[in-house]
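A structural walkthrough
Residue strings, one per chain:
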Amino acid sequence: AWLAAPVYMFAQSGITRAQIDEVASTLPPRRGVGELLGLMRKKAVVSFGIEPFIQAWLRHNGLTAPVAASRLIFDEDGVVQRPHINIVGAGSKEFAASRFRRLTGTPESGILVVGDSVVDIHMMAPDSFNVLVIPPSELDRKMHDFRENNLASMWPRVSMILADDSLEPLVALLQEARQSA
């Protein structure tokens, strides 16, 4: 349902693949995202977002990774028509992450999961290194929301909370861990 409204607006407005590409080119990356993806030998983006936006954003930032996100159906002129039945939401993120592990032959202990919302916790496997990124300006509110919504059962999945607007501290931590290994 969350996807239907924006996609309906895209279709009614005649939004094209080229326009999506143009918009994606204007979105700045979070500091450290390129370096973090560069550290990973095998990587994937699993998102609650819309796949063509993410793919275009990655391309414009010189990054490559398979993307599992909600897809759009375009007509022969590249105009958005409707959402594809493949929708990635809170429940399916776990399956997408599991499939990535299976396809790459990577054990849970070899996976780094980085998420920025409670729905990302679902794809955090018990033995993977799981980082929840929360901007400092949202930390008090989000922590309150997590406590109030009885999400205590999810906390054992979270290895680390990064209270920062940047991924650079995580990059530094991983680089230091590799050097000392």
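Let me sum up the structure you'll find in this document. (Residues numbered from 1 in each chain as written. Predicted model: local features only at pLDDT ≥ 70, side-chain atom pairs only at ≥ 80, totals over all residues. Heavy atoms only, no water.)

Focus on the pairing of strand E6 (residues 129–133)
For E6, the buried fraction is high: four of the five residues fall into the buried class. Here strand E5 (residues 112–115) pairs with E6 via four bridges, running parallel. Paired with Val114 across the two strands is Val131, which belongs to E6. When E6 meets strand E7 (residues 160–162), the two strands line up parallel, connected through three bridges. Looking at the pairing, Val133 lines up with Leu162 of E7. (Buried < 20%, exposed > 50% of the residue type's maximum accessible area, 1.4 Å probe, protein only. Helix = DSSP H or I, 4+ residues; strand = E, 2+ residues; numbered from the N terminus. Pairing = 2+ DSSP bridges.)

Observations regarding the pattern of salt bridges
For the coordinates displayed, the defined rule picks out six salt bridges. In this structure, Asp21 engages Arg59 in a salt bridge whose closest nitrogen and oxygen atoms are separated by 2.4 Å. Residue Asp21 is located in helix H2 (residues 17–24), and its partner Arg59 is located in helix H4 (residues 51–60); the two are separated by 38 residues in the primary sequence. Given the relative accessible area of 22%, Asp21 is considered partly exposed. The partner of Glu138 in a salt bridge is Arg141, with the nearest N and O atoms 3.6 Å apart. Using a relative accessible area of 25% as the deciding quantity, one classes Glu138 as partly exposed. (Salt bridge = Lys/Arg side-chain N within 4 Å of Asp/Glu carboxyl O.)

Description of the sheet that holds E5
Here three strands make up an open sheet; going across it, the order is E5-E6-E7 and the pairing parallel. Each edge of the open sheet is held by one strand with a lone partner, namely E5 and E7. For this sheet the average axis-to-axis angle between neighbouring strands, irrespective of direction, equals 20 degrees. On top of the sheet, helix H7 (residues 168–180) reaches E5, E6 and E7; it is set at about 135 degrees to E7, its chief contact. (Axes fitted to C-alpha atoms, helices over the stretch in contact; angles between N-to-C directions. Contact = heavy atoms within 4.5 Å.)

Section: the environment of Thr106
Mapped onto the elements, Thr106 comes out in the loop between helix H5 (90–104) and E5. A C-alpha to C-alpha distance of 20 Å links Thr106 and Ser47, two positions 59 residues apart in sequence. Once you skip the residues sitting within four places of it in the chain, Thr106 turns out to touch Lys42, Arg101 and Ile111. Only 2.8 Å separates the side chain of Thr106 from the side chain of Thr104, close enough to count as a polar contact. (Polar contact = N/O pair within 3.5 Å; in protein donor to acceptor, adjacent residues only side chain to side chain.)

Digging into the environment of Ile54
Topologically, Ile54 is positioned in helix H4. Spatially, the C-alpha atom of Ile54 lies 9.9 Å from that of Ser70, the residues being 16 residues apart in sequence.

Brief notes about the packing of aromatic side chains
Under the criterion given, the structure shown has one aromatic pair. On the basis of an interplanar angle of 45 degrees and a centroid distance of 5.9 Å, the ring pair of Phe10 and Phe53 is categorised as tilted. In this pair, Phe10 is assigned in helix H1 (residues 4–13) and Phe53 in helix H4, connecting sequence segments 43 residues apart. Phe53 gets classed as partly exposed once you look at its relative accessible area, which sits at 21%. (Phe/Tyr/Trp six-rings, centres within 6.5 Å; stacked < 30°, edge-to-face > 60°.)

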